[in-house]
Each structure stands twice: as structure tokens, then as C-alpha cells.
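# Summary of structural features
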Amino acid sequence: MAEREELISAFSAQAQALGAEVYRASSPEEARALVKRLIEATGVRRVALASSPLLAPLNLALVIEAAGAELVKGSLREQAEQAEMGITAFELAVAETGTLVQDATELDTRLFSMLPPIHLALIPVKGLVANLEEALNYWLAKGEIPGYMAFISGPSRTADIERVLTIGVHGPGRLLIVLLGEEEAELND
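Residues numbered from 1 in each chain as written. Predicted model: local features only at pLDDT ≥ 70, side-chain atom pairs only at ≥ 80, totals over all residues. Heavy atoms only, no water.

An unreviewed UniProt entry lists the protein chain under the name LUD domain-containing protein, with Ammonifex degensii given as the organism.

Next up, the structure:
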């Protein structure tokens, strides 16, 4: 347990140093309440929600509605274009670098984490690993490395033009990370 808390502390410090906002919810009820508060606090009115076995038990469509926002409809492209916030799930996060690691094979996951101005990423605490080697070993142990993986370290940033750092040019300008529970079972009530 102490090791898990160290990973949480290290991940949170690194992710925040990169400009991400890190939150923690220890139960499904806390997760739903936190997501509702984050939607309300950001003032977004349109939200895109990626499909995920991690997110399904949280019934976030109801949370989005309760927060006074709309779950956008239409094709995936239309949803991504119209959404002010994209919500996706991640399997892993690297504590050493504050990096989220995602199997982005599914198009909704890829679009909703890259196009809306705000990205809300949810990840189970048990998905925290110490370093990139452990993350890659996780995928190797599964016997199949996804065809499309995303590594996200903080909000989108670039310094392409005259080395002036600009946030949110090639992707979300704001990254909100919610660390979920200790056990997957906690999220399936």
C-alpha cells in the first residue's frame, strides 16, 4: 500500500508539473460527484464520452446531464468537433513522467482525448506503474501491443514558432486527471 501511495504522489507531482490537474476519487460515488463538479466548474455545455469498460459502471451520461451539460450526439467526428470536453479512460499511467498511457485503437477514444479543448481522463489507481519499462512490460504480458497507443504528458503544448511555448494548439489546452479507487471492484457497484 505504501508503494501505491508513493506512485500516486510521484505521478501527481509530475503530471501537475506538466500543467495537468490531478484529482482522486476513492469510490464510484466520489467519482461521479467529482466528474459532476469538474463539468460544472469548467462551464462546458457539450461533452463527448468515449466507450470504455472502466467508464460504463459509472453511468457518466447521467452525471453529464445532472451537471447541466449535454452529451453530444452524431458521428464520432461531429461529437469530437462539437464537444467542449472529452472524457476517456486510461489503463496505465507512468509515475516517473506523469504520463497517461492509452490503448487508442478505438476511434472515439482517440478523437475525444485529442480534439475537445478540455480532456477529462480517468484512470484506476491500480494502473499506476513506476516507469515506461513497466508500462511496456504490461502490454507485453498481455501478449498483444495495441496497434495505436497514446502517451499523454500534460496539456497539448508546442514551441514550434520562435520557441514561444503555447498551450492547447494541437490538442486540449486543459487536462484533468481523475485517479479512481484502489480496486476495480470498487468501480463496479
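Anyway, onward from the coordinates.
## Concerning the overall build of the protein chain
From N to C terminus, the protein chain includes six helices and twelve strands. Compactness check: the protein chain gives a C-alpha radius of gyration of 16 Å against a globular reference of 16 Å for 189 residues, within 12% of the reference. Referenced to the eigenvectors of the C-alpha coordinate spread, the extents of the protein chain come out at roughly 50 × 40 × 30 Å. Across the 189 residues that make up the protein chain, the buried fraction comes to 47%. Expressed as a percentage of contacts within the protein chain between residues at least 6 apart in sequence, the contacts between residues at least 24 apart total 77%. A total of about 9,400 Å² of accessible surface is found on the protein chain, and carbon and sulfur atoms cover 53% of it. Averaging the positions of the 15 positive and the 27 negative side-chain charges in the protein chain gives two centres separated by 6 Å. (Helix = DSSP H or I, 4+ residues; strand = E, 2+ residues; numbered from the N terminus. Rg over C-alpha atoms; globule rule 2.2 N^0.38 Å. Buried < 20%, exposed > 50% of the residue type's maximum accessible area, 1.4 Å probe, protein only. Contact = heavy atoms within 4.5 Å. Areas by Shrake-Rupley, 256 points an atom, 1.4 Å probe, with all protein chains shown as cover. Lys, Arg positive; Asp, Glu negative; His and termini not counted. Charge placed at Lys NZ, Arg CZ, Asp CG, Glu CD.)

## Describing the packing of aromatic side chains
Scanning the entire structure with this criterion turns up one aromatic pair. Positioned above the aromatic ring of Tyr 148 is the side chain of Arg 110, whose terminal nitrogen or guanidinium carbon lies 4.0 Å from the ring centre. (Phe/Tyr/Trp six-rings, centres within 6.5 Å; stacked < 30°, edge-to-face > 60°. Lys NZ or Arg CZ within 6 Å of the ring centre and 35° of its normal.)

## Regarding the confidence of the model for the protein chain
Any residue range with low pLDDT should be treated as having predicted coordinates unsuitable for detailed reading. Averaged over every residue, the pLDDT of the protein chain is 91; the share at 70 or more is 96%. Every residue in residues 183-189 scores below 50 in pLDDT, and together they form 14 contacts with partners more than four places removed in sequence or on other chains. (pLDDT = per-residue confidence, 0-100.)

## Here's the deal with the sheet that holds strand E5 (residues 92-94)
Note on sheets: strands pair through backbone hydrogen bonds, and any given pair is parallel or antiparallel. Pairing within the open sheet is mixed, and its four strands lie in the order E8-E5-E6-E9. Strand pairing shows two members of the sheet lacking a second neighbour, strand E8 (128-129) and strand E9 (149-152), which therefore form its edges. Pairing of E5 with E8, which is carried by two bridges, proceeds in the parallel orientation. When the bridges of E8 are listed, Ala 93 appears paired with Leu 128. (Pairing = 2+ DSSP bridges.)

## Description of the side chain of Gln 102
If you trace the backbone, Gln 102 turns up in strand E6 (residues 99-103). In this structure Gln 102 comes out as buried when scored by relative accessible area, which is 1%. Residues contacting Gln 102, with those up to four places away along its chain left out, are Thr 88, Ala 89, Phe 90, Thr 109, Ser 113, Tyr 148, Met 149 and Ala 150.

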